[in-house]
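Take a look at the letters that make up each chain.
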Amino acid sequence: MLDLVINARQASISAGFDVKRILPFRERRMVGPFVFMDHAGPVSVPASQLQSLDVLPHPHIGLSTVSYLFGGQVMHRDSLGVEQIIRPGEVNWMTAGSGIAHSERFEDPATLAGGQLEMIQTWVALPEADEETAPSFTNYQPQELPIFTEPGVWMRLIAGDAYGLRNDVRTHSPLFYLHVVLQPGTRFGLPQGYQERGAYVAKGQIEVAGHFYSAGQLLVFTPGQDPVIIAREATTLMLLGGEQLGPRFIWWNFVSSRKERIEQAKADWAAGRIALPPTDNHDFIPLPQDKSRPASSAAPEPLS
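Residues numbered from 1 in each chain as written. Predicted model: local features only at pLDDT ≥ 70, side-chain atom pairs only at ≥ 80, totals over all residues. Heavy atoms only, no water.

**Q** Honestly, the sheet that holds strand E10 (residues 100-105) in this entry has me stumped. Any pointers?
**A** Across a sheet, paired strands are connected by hydrogen bonds in the backbone, their directions being either parallel or antiparallel. Read from one edge of the open sheet, 4 strands run E5-E10-E7-E8, paired in antiparallel fashion. Unpaired on one side and paired on the other, strand E5 (55-60) and strand E8 (83-86) mark the two borders of the sheet. Mean inter-strand twist for the sheet, computed between neighbouring axes without regard to direction, equals 25 degrees. Sheet topology note: the strand E7 (residues 74-78)/E10 ladder contains 4 bridges and is antiparallel. Within the sheet, the bridge partner assigned to methionine 75 lies in E10 and is arginine 105. (Pairing = 2+ DSSP bridges. Helix = DSSP H or I, 4+ residues; strand = E, 2+ residues; numbered from the N terminus. Axes fitted to C-alpha atoms, helices over the stretch in contact; angles between N-to-C directions.)

**Q** Would you mind showing me how to read the sheet that holds strand E20 (residues 211-214) here?
**A** Spatial strand order, E17-E22-E19-E20: 4 strands in an open sheet with antiparallel pairing. Both outer strands of the open sheet, strand E17 (187-189) and E20, are each paired with one neighbouring strand and no more. The sheet shows a mean angle of 35 degrees between the axes of neighbouring strands, taken without regard to direction. One ladder, built from 3 bridges, connects E17 with strand E22 (residues 228-231); its direction is antiparallel. If you follow phenylalanine 188 over to E22, its bridge partner there is isoleucine 229.

**Q** Got a minute to help me understand the nonpolar core in this structure?
**A** Side chains of a nonpolar character, in soluble globular proteins, are inclined to be buried together. Counting 28 residues, the largest nonpolar core has Tyr177, Leu218 and Met238 as its most contacted members. The element best represented in this core is strand E6 (residues 63-71), accounting for 3 residues. When sequence neighbours within four positions are dropped, the list of residues in contact with tyrosine 177 reads Phe34, Val66, Ile120, Thr122, Arg156, Leu157, Ile158, Ala159, Met238, Leu239 and Leu240. If you look at the next biggest cluster of nonpolar residues, it comprises 26 residues, including Ile86, Trp251, Ile262 and Ala265. (Core = buried A, V, L, I, M, F, W, Y, C linked by side-chain atoms within 4.5 Å. Buried < 20%, exposed > 50% of the residue type's maximum accessible area, 1.4 Å probe, protein only. Contact = heavy atoms within 4.5 Å.)

**Q** In this structure, what is going on with the packing of aromatic side chains? I would like to understand it.
**A** Ring pairs (aromatic) are described by centroid distance and by the angle formed between their planes. Applying the stated criterion across every chain yields a total of 9 aromatic pairs. Relative to phenylalanine 70, the ring of tyrosine 68 has its centre 6.0 Å away and its plane inclined at 90 degrees; by these criteria the two rings are edge-to-face. One exposure class covers both tyrosine 68 and phenylalanine 70, and it is buried. Among the aromatic residues, those joined into a ring-pair cluster are Trp251, Trp252 and Phe254. One Lys or Arg, lysine 203, reaches over the ring of phenylalanine 70 and ends 5.3 Å from the middle of that ring. The ring centre of tryptophan 251 lies 4.3 Å from the NZ or CZ of lysine 266, which sits over that ring. (Phe/Tyr/Trp six-rings, centres within 6.5 Å; stacked < 30°, edge-to-face > 60°. Lys NZ or Arg CZ within 6 Å of the ring centre and 35° of its normal.)

**Q** Please explain unusual backbone geometry as it appears in this structure.
**A** Excluding glycine, residues mostly have negative phi values, and the peptide bonds linking residues are mostly trans. Omega for the bond connecting leucine 23 with proline 24 falls within 30 degrees of zero, at 0 degrees, which places this linkage in the cis form. With respect to the secondary-structure elements, proline 24 resides in the loop between strand E3 (17-23) and strand E4 (34-43). Within the chain, tyrosine 163 stands out as a residue other than glycine whose phi angle is a positive 55 degrees. Despite not being glycine, tryptophan 252 has its phi angle at roughly 55 degrees, a positive value. Within the secondary structure, tryptophan 252 is located in the loop between strand E24 (249-251) and strand E25 (254-256). The exposure class assigned to tryptophan 252 is buried, which follows from its relative accessible area of 4%.

**Q** Whenever I open this one, the pairing of E22 confuses me. Can you help?
**A** Regular strands place their side chains on alternate faces of the sheet. Alignment of strand E19 (residues 205-208) against E22, held across 3 bridges, turns out to be antiparallel. Residue glutamate 207 lies in a different strand from E22, and its bridge partner there is isoleucine 230.

**Q** Looking at this structure, how should I read the pattern of salt bridges?
**A** Pairing of side chains with opposite charge becomes possible as their charged atoms draw close. If you walk through the whole model with that rule in mind, you get 18 salt bridges. Note that glutamate 118 is salt-bridged to lysine 203, the shortest N-O span being 3.5 Å. Here the residue glutamate 118 occupies a position in strand E11 (residues 117-125), and lysine 203 occupies one in strand E18 (residues 196-203), the gap between them amounting to 85 residues. For glutamate 118, a relative accessible area of 4% translates into the label buried. (Salt bridge = Lys/Arg side-chain N within 4 Å of Asp/Glu carboxyl O.)

**Q** Help me understand the side chain of threonine 122, please; the structure alone is not making it clear to me.
**A** Tracing the backbone shows threonine 122 in strand E11. Apart from residues lying up to four places away in sequence, threonine 122 is in contact with Phe34, Phe36, Met37, Ser64, Thr65, Val66 and Tyr177.

All we've got here are geometric facts, nothing functional implied.
This is the structure in structure tokens:
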């Protein structure tokens, strides 16, 4: 039933902000087109310390970043001039393509509305034909993201096509991404028709084929199998997957099918050729000064 179980590891995305890093992983760098997954929070800090959570302007190429919140709020600014607050139930979908820089700031005490900030961020690799597409950004409101309910199940389709649900979130390859809440004892199956499928346990505990899995674990399922997921307590899952795109090189915030494109991106950021957000350009994250090569099989770099 399972190819692999990935346990989240601790990583830092700013001086005061630790996250659970799920993808990439040494033995499994992608699930479908999903090449990166972080689970931030829940975080509760005094308003006076909000700035310690800020992620300064930094660059991306060759991917789309997807931000989804369970609680709190985040201010996004990017080099296209976009300024957008994201709140729970919304989706920020930023396609980096040929190159973009953005920041994530925690400026408003409402960030900690309800006492906790919690966010899932994933990166979706772009097909080779779209890796150099023009950068873009879209915020999708909750009413644009369909919800399905039945006894014991609540789910929102974040992107793609699954369980007969569709929305207008623009993707570049076949995929699915869902937020699912299960009540204790509920039995649940995976979306059909996809090459690769995974389930991240954000909260709670599930059983699959007699084995138990808890918060912070990503289950990567064997293609062609149709496992039954049983919620052993109130559980929140993030389901994700899709069609394979082929191997990708990952270095810092750069993703590409070509090593030389990663090297170009490194040179472009170091030389200031990737513009900073026009309203957030006083500081930025410099290029990491290490000598590692882009790798498709080595341990993941600390990404942001």
